[in-house]
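This is what each chain is made of:
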2 protein chains.
Amino acid sequence: MEVGFIQFAPKFGNSEYNTQKVLHLLGTDRADIIVLPELFTTGYLFKNREELERLSENVNYSVTISKFKELSKEKNTIFIGGFPEKSGDNIYNSQFLVDGDKILIYRKNHLFYEEKKLFEKGNSNLPIYNNGIVKIGLMICFDWIFPEMMRSLALAGADIICHSANLVMPYCQDAMITRAIENRIYIITANRVGKDERGGKSYQFTGRSQIVAPGGDIILSTGKDNETFLKIDIDPKKSRDKNINNSNNLFKDRRTDIYKL
Amino acid sequence: MEVGFIQFAPKFGNSEYNTQKVLHLLGTDRADIIVLPELFTTGYLFKNREELERLSENVNYSVTISKFKELSKEKNTIFIGGFPEKSGDNIYNSQFLVDGDKILIYRKNHLFYEEKKLFEKGNSNLPIYNNGIVKIGLMICFDWIFPEMMRSLALAGADIICHSANLVMPYCQDAMITRAIENRIYIITANRVGKDERGGKSYQFTGRSQIVAPGGDIILSTGKDNETFLKIDIDPKKSRDKNINNSNNLFKDRRTDIYKL
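Residues numbered from 1 in each chain as written. Chains lettered and ligands numbered in written order. Predicted model: local features only at pLDDT ≥ 70, side-chain atom pairs only at ≥ 80, totals over all residues. Heavy atoms only, no water.

### Some details on the packing of aromatic side chains
Within the structure shown, the criterion is met by 28 aromatic pairs over all chains. Where Tyr44(A) meets Phe205(A), the ring centres are 5.8 Å apart and the plane angle is 70°; that geometry is what we call edge-to-face. One end of the pair, Tyr44(A), is in the loop between strand 2 (33-35) and helix 2 (49-55); the other, Phe205(A), is in the loop between strand 11 (201-204) and strand 12 (210-212), and 161 residues separate them in sequence. The exposure class assigned to Phe205(A) is buried, which follows from its relative accessible area of 2%. An angle of 90° between the planes, with centres 5.4 Å apart, marks the rings of Phe142(B) and Phe146(B) as edge-to-face. Each member of the pair, Phe142(B) as well as Phe146(B), carries the same accessibility label: buried. In this structure an aromatic cluster arises from ring pairing among Phe8(A), Phe40(A), Phe68(A), Phe79(A), Phe83(A) and Phe96(A). (Phe/Tyr/Trp six-rings, centres within 6.5 Å; stacked < 30°, edge-to-face > 60°. Helix = DSSP H or I, 4+ residues; strand = E, 2+ residues; numbered from the N terminus. Buried < 20%, exposed > 50% of the residue type's maximum accessible area, 1.4 Å probe, protein only.)

### Some remarks on the environment of Ile219(A)
Residue and element names in this part refer to chain A. With respect to the helices, strands and loops of the structure, Ile219 is situated in strand 13 (residues 218-221). Separated by 152 residues in sequence, Ile219 and Lys67 place their C-alpha atoms 30 Å apart. Excluding its chain neighbours within four sequence positions, the residues that come into contact with Ile219 are Tyr186, Ile211, Ala213, Ile232 and Ile234. (Contact = heavy atoms within 4.5 Å.)

### What about the interface of chain A and chain B?
Each partner contributes residues to the interface: chain A has 43 residues there, and chain B has 42 residues. Together chain A and chain B conceal approximately 3900 Å² of surface at their shared face, both sides included; 59% is due to carbon and sulfur atoms. On the chain A side of the interface with chain B, the three residues burying the most area are Glu148(A), Arg255(A) and Leu261(A), jointly 16% of the side's total. Among the salt bridges present, the one from Glu182(B) reaches Arg179(A), with a minimum N-O distance of 2.6 Å. At the surface where chain A touches chain B, the tally comes to 25 residue pairs in polar contact (both at pLDDT 80 or more). For the side of chain A that touches chain B, the secondary structure elements donating two or more residues are helix 5 (147-155) and helix 6 (172-183) of chain A. The residue inventory of the side of chain A that touches chain B, partitioned by class, reads 19 nonpolar, 13 polar and 11 charged. (Buried area = accessible area lost by both parts, 1.4 Å probe. Salt bridge = Lys/Arg side-chain N within 4 Å of Asp/Glu carboxyl O. Polar contact = N/O pair within 3.5 Å; in protein donor to acceptor, adjacent residues only side chain to side chain. Nonpolar A, V, L, I, M, F, W, Y, C, P; charged D, E, K, R; others polar.)

### Let's talk about the confidence of the model for chain A
Confidence in the prediction of chain A, expressed as mean pLDDT, is 97, and 100% of residues score 70 or more. Prediction confidence for the complex, expressed as pTM and ipTM, is 0.97 and 0.96 respectively. (pLDDT = per-residue confidence, 0-100.)

### Remarks on the relation of the copies chain A and chain B
Once turned by 180° and shifted 0.0 Å along the axis, chain A lies on chain B with an RMSD of 0.0 Å. Within this description, the copies of the chain are treated as partners about a two-fold rotation axis. A shared binding surface is used by both copies, with 98% of the interface residues of chain A retained as interface residues in chain B. (Least-squares fit on C-alpha atoms with pLDDT ≥ 70 in both.)

### Topic: the pairing of strand 4 (residues 90-99) of chain B
Residues and elements named next belong to chain B. Across the 10 residues of strand 4, 9 count as buried, placing the element largely inside the fold. Sheet topology note: the strand 3 (residues 78-87)/strand 4 ladder contains 9 bridges and is antiparallel. Each residue of the ladder has a partner; that of Ile80, found in strand 4, is Leu97. The antiparallel hairpin formed by strand 3 and strand 4 contains 2 residues in its connecting segment, where Gly88 sits at a positive phi of about 60°. Relative to strand 5 (residues 102-107), strand 4 is paired through 6 bridges, and the arrangement is antiparallel. Considered in strand 5, the bridge of Asp99 is made with Lys102. (Pairing = 2+ DSSP bridges.)

### Structural notes on the pairing of strand 11 of chain A
Residues and elements named next belong to chain A. As judged from the 4 bridges shared by strand 10 (residues 195-198) and strand 11, these two strands associate in the antiparallel manner. Each bridged residue has a counterpart across the sheet, and for Arg198 the counterpart in strand 11 is Lys201. What sits between strand 10 and strand 11 in their antiparallel hairpin is a turn of 2 residues, with Gly199 showing a positive phi close to 55°.

### Here's the deal with the nonpolar core
Within the largest apolar cluster, 124 residues are counted, with the highest numbers of intra-cluster contacts made by Ile33(A), Ile136(A), Ile33(B) and Ile136(B). Ignoring anything within four residues of it in the chain, the contact list for Ile33(A) reads Met1(A), Glu2(A), Val3(A), Gly4(A), Ile78(A), Ile80(A), Val134(A), Ile136(A), Ile160(A) and Cys162(A). (Core = buried A, V, L, I, M, F, W, Y, C linked by side-chain atoms within 4.5 Å.)

### Here's the deal with the side chain of Glu51(B)
Residues and elements named next belong to chain B. Locating Glu51 in the fold gives a position in helix 2 (residues 49-55). The exposure class of Glu51 is buried, given its relative accessible area of 9%. Other than its neighbours up to four places away in sequence, Glu51 contacts Phe12, Leu45, Phe46 and Arg198.

### Considering the sheet that holds strand 7 (residues 135-140) of chain A
Residues and elements named next belong to chain A. If you walk across this open sheet you meet the 6 strands as 6-7-8-9-12-13, and the pairing is mixed. Every interior strand has two partners, whereas the edge strands, strand 6 (128-130) and strand 13, have only one. Put simply, the sheet's adjacent strands are angled 15° from each other on average, direction ignored. Contacts from helix 5 reach strand 6, strand 7, strand 8 (160-165) and strand 9 (186-191) within the one sheet, and its direction differs from that of strand 7 by about 165°. (Axes fitted to C-alpha atoms, helices over the stretch in contact; angles between N-to-C directions.)

### Some words on helix 1 (residues 15-26) of chain A
Its 12 residues give helix 1 of chain A an end-to-end C-alpha distance of 16 Å, which sits within 8% of 16 Å, the value for a rise of 1.5 Å per residue. Those residues of helix 1 of chain A hidden inside the fold are in contact with strand 1 (2-7), strand 2, helix 3 (63-75), strand 3 (78-87) and strand 14 (228-233) of chain A. (Expected span 1.5 Å × (residues − 1).)

### A look at the packing of helix 1 of chain A against helix 3 of chain A
Residues and elements named next belong to chain A. Taken N-terminus to C-terminus, the directions of helix 1 and helix 3 make an angle of 15°; their axes are 11 Å apart at the nearest point. Put simply, helix 1 runs roughly parallel to helix 3. The way helix 1 lies across helix 3 gives a crossing that is right-handed. On helix 3, the residues that touch Ser15, Thr19, Val22, Leu23 and Leu26 of helix 1 are Thr64, Lys67, Phe68, Leu71 and Lys75. Considering only residue class, the contact of helix 1 with helix 3 consists of 5 nonpolar, 3 polar and 2 charged. (Parallel < 35°, antiparallel > 145°, perpendicular 65-115°, else oblique. Left-handed = near helix turned anticlockwise from the far one by under 90°.)

As structure tokens, this is what we get:
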């Protein structure tokens, strides 16, 4: 199975440009699963709730999601990426997964910093998509710092974590090695690059998108400011073996009788 | 508060030599908390249960523990280290904490590989020692790979994790950076060095004992095969602030309504 990520610098507030940019980076290529960054349709640094409201999309009427459904059918690809989702009066920092006409929406559970002023926090159950071949778990950016999030997805059977990110801190990429070791799971982190400078604030994003294999090897990674589509062939079934030797199984050895979580 | 670790190569089956070695490495120096490796009294590679039984000690009659209680009073030091503990017909891979005459025993919850053939698994509650100034959480070696273990200790209020290890894999030292970031806690890993070659088996231990600060900085570390006592001054109260900015608190932001653990 071919899996990949697209790393790029979205142009703020221009979802049409950003979608075209993704298409351009992809070209005639494809993969079975492609992960895009968090909020790749709009950029990250909204000045206020009004601006965010104007740029957010309702899943049922989203031009972006329609376009990616079409692309999904054309390329036989599962696309995953972040966008600001409007639902009634609420706005979520969300992630879509589209597989042809099928769709799963995940609303970010752990909001970072000033996102708390802009977005409602997620109310999703554990986001897992199962197409009968592979189980995909969804995560957005800051979710990484809470070990419970990926652990819950892994315990629920996820083979691959598709992690859309807009990382500004330097810790996550290395931490994902630990997450892949402790859960024996594939992790695709699609991070953005470039800078958002708006309303007197400035965020520099850290790139270094990567794919980590169960056991902690970084099997694919890229730079801190380049725009690219990269992919690699993996066997997602490797995630289903939680044994690290003939005596230790990372899930069966858990001492749920002792933990107080 | 001064905290430190002793890294050395125990001589197999010779607890008197190993205790003297610790005393020699310490010399006239001291610290408030000193962590010693897992099974530092005996070495690691027991040929069989009979040999382990012969070398294990009952807490109430342990020459080693008496010696460290005495040393604790003399130097006003809390000592933490690993030993094979006999209790009735059971033998545990245990860790003592001695503070003068006070003692806390932790029995390893997550046994690694062939330890399962030799030891009973731990039946401890969460091992936390509180002397009114600092709360010390205890962990032994392979416990590191289960994020639930340190998370449980951190949620229960531990300021410092004292981690006695006999590491053979190369992953733990880096993973402890992630653990310190996700829990904002001090972590002292005292690992052994050298090799155990017995009964046709051979284990090389990886050293690189270290102290990681809340937030993930390695503030003290050493080499992969040297024997040493090292210490550093820390403020354990820094572990009590779980805020990473003015909007995010690592404990309050946990979504226990979503996790399925």
